[in-house]
Amino acid sequence: MSEDSEDSDRSISDDDDSDDEPFLKFVSDDIHPCTLLAADSIVDPFFPRTTQILLEYQLGRWVPRLREPRDLYGVSSSGPLSPTRWPYHCEVIDKEVQHIEWTPFFPEPVYVPTGLEIEPVYPNSKEDTVVYLAEDAYKEPCFVYSRVGGNRTSLKQPVNTCDNTLVFEARFESGNLQKVVKVAEYEYQLTVRPDLFTNKHTQWFYFQVTNTQPEIVYRFTIVNFTKPASLYNRGMRPLFYSEKEAKTHSIGWQRIGDQIKYYKNNLGQDGRSFFSLTWTFQFPHSKDTCYFAHCYPYTYTNLQEYLSGINSDPVRSKFCKIRVLCHTLARNMVYVLTITTPLKNSDSRKRKAVILTARVHPGETNSSWIMKGFLDYILGDSSDAQLLRDTFIFKVVPMLNPDGVIVGNYRCSLAGRDLNRNYTSLLKESFPSVWYTRNMIHRLMEKREVILYCDLHGHSRKQNIFMYGCDGSHRSKAKGLYLQQRIFPLMLSKNCPNQFSFSACKFNVQKSKEGTGRVVMWKMGIRNSFTLEATFCGSTLGNKRGTHFSTRDLESMGYHFCDSLLDYCDPDQSKYYQCLKELEEMEKHINLERSFDDSDTSLVEISMDVESSSQGSDSSDSNDTQTYLLKLSSQVKNKKKYLKTKRKRNATLAIRQNNRRELSKTEILLQNTAAKKIDDTSPPATRNAFPGGARDWLQLPVSGAKFKVYGKEHLLQKHEESNSKVKVPGV
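Residues numbered from 1 in each chain as written. Predicted model: local features only at pLDDT ≥ 70, side-chain atom pairs only at ≥ 80, totals over all residues. Heavy atoms only, no water.

A. Local environment of the pairing of strand 18 (residues 290–293). Both faces of strand 18 are covered, namely the face carrying C290 and F292 and the face carrying Y291 and A293. By the bridge criterion, 4 bridges tie strand 12 (residues 206–210) to strand 18 in an arrangement that is antiparallel. Paired with F207 across the two strands is F292, which belongs to strand 18. Pairing of strand 14 (residues 239–242) with strand 18 involves 4 bridges; the strand directions are antiparallel. Paired with L239 across the bridge in strand 18 is A293. (Buried < 20%, exposed > 50% of the residue type's maximum accessible area, 1.4 Å probe, protein only. Helix = DSSP H or I, 4+ residues; strand = E, 2+ residues; numbered from the N terminus. Pairing = 2+ DSSP bridges.)

Here's what the structure looks like:
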């Protein structure tokens, strides 16, 4: 309520100021000089005990009014950020950890094994020195209650100035390190902490090292990973940050390490197997404060600072409203952003909705960098961003699991459970963020159509960026609708050919995934329901092949997402129908291949297929080695039942080669026919954008060049002329 409206409501005549008013019986002369008084401070039987009524002294009388609504934003430009809350027993150092943002001048190459890498084995020895031990995490078997800032403690210091032992620390936001043993003068054995209140999910590490010496080769070995396969065996390097490098040369996180090896060790117990990651490194400076991490950190505090910047911006805050969706178990806030051009009554129902969520798995920090890139673009001042805000209503939940992010978990919340398996759960108190997200989407679908849902993740075993979707029932396959659900990922691969791999995308619904956000939203009626997976490593495509993704690469994926959304909803649907045609041809080609497949599959081929499955992120199934090998052997046995003789295989091969030649001729004929049809029916703007005709665009491979933007100008022109509803076939 504005001040003017309040003053107009208070124009009460003096005749009404009688002694009979119960509100004034308690007023004494000694408090008349006060300008504001809370109602609960008044002890009077006639006045209600409440904190929501304020008394304001105006024109010789006390006027009651309601207190202003609480700050619904959770972040405020006029006050401090909401403090982070930890489980009460977690020790947290007083020093705040901050890092600068930086992009390498050149893409950072993956590590190429030399064949000389060693596999350190560390037998248990009482003579080894424990230099770091975090036992506070095991003081409680489950979450009890939270405390602002956690159990504050001081930073550890070297024992004496002559001691060259490295000093380790991880008791800060998102940090993870449980134990460090000094096994040699410059060699350390590390153990990472499992997710709180569980005994598994050891993947994320993020810790500080001080008391460094330059030009000395140190070896670090983390010994309690549980996944048999890792991107570290495909050239991924750990991340390193130096505070002196940041201060003197403005250099941030960089990929480092030599003699990198990921291997099975001999520490397994009770049938469990463990794997080690080892690397060597030379620190650049003496007495430096450095950090190592599995992926680029992005904390809950980082998010709050980003949202605070939006809230204090007079331009962006007009079309981006920040609200608190719910509170977590530890009473941290889960934010939801509504991004759209302010609605008018006439078009309030016309706009369709797009939903994005991220960080349901706290250790998948790359998803937050993609989310940041998306928000940077959609809140920017470009004409395309404006067009997207005019066309859609975006609902964004940038961090679904802030509790897990704060304590340094890899996968679970403080309930000790994977939230991305509990979207169907009715336990609102145990899984509040996913319960309220599902409820918010359900209410949104009652008001308007949701055109797309996407949950952002990170993947620990596959390269590139790709999507998981939902194929649907046999009925949808019979109608051909399932191919329409693959159009958006295909467009994304064309717009981002050096990062996004369409061939790595999968479109099926496994029983173990029925509790994921992707499947639940699809069953609720959102046809385009996806999980976007980003590798922790890098790309095998185009000019980025053999390099790591930087934070800028991840952020650019957010822009390409918006770019593809415009292509998908372009009223000039040439791209849409061409992608559909391309998918149909792919399907025919695959079916033809299957019809002549001799099913002669080797163990290596099967193991590669299992390794490229969705278990890297979108699955919480056990990665136990014995189970893994048992599955492989079972598949091999099943394959061997259908092996053919050499003569039959040779005959099949000849038939297959002949059919491929025939298929190539058919594809050329179809392409020419489709090109002629598009050229004859496309508007002049489309034909002018491609001087060579539609063949120029048709010849783009799935992982080829970027879409031309001719459709966007056409969309912008139509939008400005008619501001009409965007119509997409089958959506």
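B. Molecular detail of the sheet that holds strand 20 (residues 333–339). Taken in spatial order, the 8 strands make up an open sheet running 19-20-22-21-23-26-24-25, and their pairing is mixed. If you trace the sheet from one side to the other, it starts and ends with strand 19 (320–327) and strand 25 (506–507), each paired once. Strands in contact with helix 14 (residues 551–568) are strand 21 (352–358), strand 22 (392–397), strand 23 (450–459), strand 24 (465–469) and strand 26 (529–535); relative to strand 23, the strand with the most contacts, it is inclined by about 155°. (Contact = heavy atoms within 4.5 Å. Axes fitted to C-alpha atoms, helices over the stretch in contact; angles between N-to-C directions.)

C. Main features of helix 9 (residues 432–447). Here helix 9 is 16 residues long and its end C-alpha atoms lie 23 Å apart, about the 22 Å a rise of 1.5 Å per residue gives. Restricting attention to buried positions, one finds in helix 9 the residues P432, S433, V434, W435, T437, R438, M440, I441 and L444. Packed against the buried residues of helix 9 are strand 19, strand 20, strand 21, strand 22, strand 23 and helix 13 (517–524). (Expected span 1.5 Å × (residues − 1).)

D. Molecular detail of the sheet that holds strand 9 (residues 167–169). Strand order in the open sheet made by the 5 strands is 9-12-18-14-15, with antiparallel pairing throughout. The open sheet terminates on both sides in strands that have one partner only, identified here as strand 9 and strand 15 (254–255). Examined bridge by bridge, strand 9 and strand 12 share 3 bridges and lie antiparallel to one another. Across the sheet, the residue bridging to F168 is V209, located in strand 12.

E. Quick peek at the nonpolar core. Ranked by size, the top nonpolar core spans 128 residues in total, and within it F168, F220, F283, F292, F374, F394 and M467 carry the most contacts. Apart from residues lying up to four places away in sequence, F394 is in contact with L337, T338, I339, V354, F374, I378, L388, R389 and L565. One finds L325, V397, L400 and Y453 within the second-largest nonpolar core, a separate group that totals 21 residues. (Core = buried A, V, L, I, M, F, W, Y, C linked by side-chain atoms within 4.5 Å.)

F. Structural view of the pairing of strand 23. The element strand 23 is extensively covered by neighbouring structure, given that 10 of its 10 residues are classed as buried. One ladder, built from 6 bridges, connects strand 21 with strand 23; its direction is parallel. Along strand 23, the bridge assignment pairs L356 with C454. Bridging between strand 23 and strand 26 involves 7 bridges; their strand directions are parallel. In the sheet register, Y453 faces strand 26, and the bridge partner there is S529.

None of the figures reported here should be taken as evidence of function without further support.
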